[in-house]
Amino acid sequence: QTQDSEDAVEVAERILAELMRPVRLGDNEIYTNASIGIAPGHADYATTEELLRDADTAMYRAKAAGKAGYVVFDQDMYARARSRLRVETELRQALDNHEFRVFYQPIVTLEQGRLLGFEALIRWQHPTRGLLSPEEFLLVAEETGLILPIGWWLLHEACGQLKRWRQRHPGAHSLTVAVNLAHKQFMYAGLPQQVSESLRAADLSADGLHLEITETVFLENPKAAENTLRKLKALGIVLHLDDFGTGYSSLNYLSVLPLDTLKIDRSFVRDMQENPKHAAIVRTIVELARDLGMETVAEGVETVDQLRMLERLGCHYGQGHLFAPALDSDRVDKLFDRANLELVPAGEVGPEVHAGALRAGLIKRTRDFFRRV
Ligand code: C2E
Ligand code: CA
Ligand code: CA
């Protein structure tokens, strides 16, 4: 119990100085040290446990900074710890109260503007803060491990939804849904089991489900990652490598692992018109994928010029605001109800589609098609 943190710091320094002196144990000299966390008490604390918890947080900071030191728990650490704790508690409630939503962003073939399927993107319908994007809660979900039950729920939901669409709408029988896997989810040993269970529960064939992982999964434990990928592949799942080009740089795994698709990160697509280096990266990714027998999806296609350039480079699929943002499932349903005609499977359009003028018409039609909803 001290008056303020200056007193506490003085005490901490005295303790550290005292501990620096060796202790004699028989013929040996023993050295000890300590890492000290200091939490100044104030009125916001309701219980001693909270105060101790913050002192603990500061102590771990001290440990991380090296041995024999002290750290005072400050307002910044306080604010961060508070907001984290609040989000964690709310995330638990959100699961119980069914506050998560899945939005679906169309992925289209660039050449014909046809619908391949959707990427499932999570949202949180927060009771007071409105619809939250994944940036606002996924990090805490990952750190706390809550991403496992949340991801599990999403996988079930997306598989079930796709099955309903496939059954309900003529022309939708070959659509796919791509689900993102967080690092922790991918490393979870029960994942392949969960995936096949989700497929079974939805009575969905494995070719309907695509899974998206990022290169970071190969960093920590490449052997385990490879094992998981092979198990997923054995189930018949299509595997996408997300945000390609932004992470791990070893390309060797591309030749070894059973990956089907490279997703070109939005950061390259965004300015490839003005930035020749990014244009070169996009071109190289498309060529690399082609040579390895893989397909490419460009993320974040926003302009017709980007679309034209990607198409010229030979990129297969695109997703982005040019076509449609992520839509809630009701809007996708409406889209199907009004636009059955355009959902005939790819391949049923004649070769005349390749004529430039008609293609421009198709681009317009695709855009109008999604705008109608
Ligand atoms: P991502 O996997 O790269 O997803 C693409 C993001 O780009 C989505 O953001 C999408 O809404 C946004 N986007 C698509 N087209 C455009 C465009 O033309 N312009 C712009 N400016 N943005 C576009 P979102 O939905 O906010 O998701 C952000 C990230 O959160 C995702 O990036 C993904 O890493 C993660 N995420 C989303 N849903 C899930 C999920 O269910 N599980 C996991 N583990 N991660 C998820
Ligand atoms: Ca993704
Ligand atoms: Ca991305």
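The structure presented is a predicted model; accordingly, all values stated were derived computationally and were not measured. (Residues numbered from 1 in each chain as written. Chains lettered and ligands numbered in written order. Predicted model: local features only at pLDDT ≥ 70, side-chain atom pairs only at ≥ 80, totals over all residues. Heavy atoms only, no water.)

Colleague: Lay out the coordination of the calcium ion (ligand 3) with the relevant residues and their values.
Modeller: Donor atoms from the polypeptide that bind the calcium ion (ligand 3) are Asp 243 (OD), Asp 265 (OD), Glu 299 (OE) and Glu 299 (OE), placed at 2.0 to 3.1 Å. Counting residues between consecutive donors of the calcium ion (ligand 3) along the chain gives the motif D-x21-D-x33-E. A separation of 5.3 Å is found between the calcium ion (ligand 3) and the calcium ion (ligand 2). Placement of the pair is Asp 243 in strand 10 (residues 238–244) and Glu 299 in the loop between strand 12 (295–298) and helix 13 (304–313), with a sequence separation of 56 residues. Looking at Glu 299, the relative accessible area reads 11%, which means it is buried. (Donors = N, O, S within 2.8 Å, 3.2 Å for Na, K, Ca; no water. Helix = DSSP H or I, 4+ residues; strand = E, 2+ residues; numbered from the N terminus. Buried < 20%, exposed > 50% of the residue type's maximum accessible area, 1.4 Å probe, protein only.)

Colleague: Requested: an account of the site of ligand 1, with residues and values cited.
Modeller: What surrounds ligand 1 is a group of 22 residues, the closest being Gln 105, Arg 123, Arg 266, Glu 302 and His 321. Glu 119 places a polar side-chain atom, nitrogen or oxygen, 3.3 Å from an oxygen atom of ligand 1. Arg 123 is positioned such that a nitrogen or oxygen atom in its side chain is 2.8 Å from an oxygen atom of ligand 1. Cavity membership is defined here by more than half of the atoms lying within 2 Å of grid points; on that basis ligand 1 lies in the largest pocket. Of all the secondary structure elements, the ones that give two or more residues to the shell around ligand 1 are strand 6 (115–126) and strand 10. Here the shell around ligand 1 gets 4 residues from one element, more than from any other, and that element is strand 6. Looking at side-chain class alone, the shell around ligand 1 contains 8 nonpolar, 6 polar and 8 charged residues. (Near = heavy atom within 4 Å. Polar contact = N/O pair within 3.5 Å; in protein donor to acceptor, adjacent residues only side chain to side chain. 1 Å grid on protein atoms, 1.4 Å probe; cavity = no way out; pocket = protein on both sides within 12 Å on 5 of 7 lines; lining within 4 Å. Sits in = over half its atoms within 2 Å of the grid points. Nonpolar A, V, L, I, M, F, W, Y, C, P; charged D, E, K, R; others polar.)

Colleague: Hey, could you go over the nonpolar core for me, with residue numbers and the actual values?
Modeller: Counting 79 residues, the largest nonpolar core has Leu 91, Leu 209, Leu 211, Phe 218 and Leu 259 as the members making the most contacts within it. Top element by residues in this core is helix 5 (residues 147–168). It accounts for 8 residues. Ignoring anything within four residues of it in the chain, the contact list for Leu 211 reads Leu 155, Val 179, Leu 181, Val 195, Leu 232, Ile 237, Val 238, Leu 239 and His 240. Residues Ala 39, Tyr 45, Ala 58 and Met 77 belong to the second largest nonpolar core, which totals 7 residues. (Core = buried A, V, L, I, M, F, W, Y, C linked by side-chain atoms within 4.5 Å. Contact = heavy atoms within 4.5 Å.)

Colleague: Go over the side chain of Glu 88 with me, naming the residues and quoting the values.
Modeller: Here Glu 88 lies in helix 3 (residues 75–96). For Glu 88, a relative accessible area of 18% translates into the label buried. Every residue in contact with Glu 88, bar those within four places of it in the chain, is listed here: Val 140, Thr 144 and Leu 146.

Colleague: Let's hear about the layout of surface pockets: which residues, and what values?
Modeller: The rolling of a water-molecule-sized probe over the atoms marks out the regions of remaining empty space. Its boundaries defined by the atoms lining it, the largest pocket holds a volume of some 1200 Å³. What lines the largest pocket is a set of 39 residues, among which Glu 119, Leu 121, Pro 134, Asn 180 and Asp 242 lie closest to the centre. Mapped by element, the contributors of at least two residues to the lining of the largest pocket are strand 6, helix 4 (138–144), helix 5, strand 8 (176–180), helix 6 (183–187), strand 9 (209–214) and strand 10. The element contributing the most residues to the lining of the largest pocket is strand 6, with 5 residues. A per-class count over the lining of the largest pocket returns 15 nonpolar, 13 polar and 11 charged. (Points joined across faces, edges and corners; volume = space filled by probe spheres on them.)

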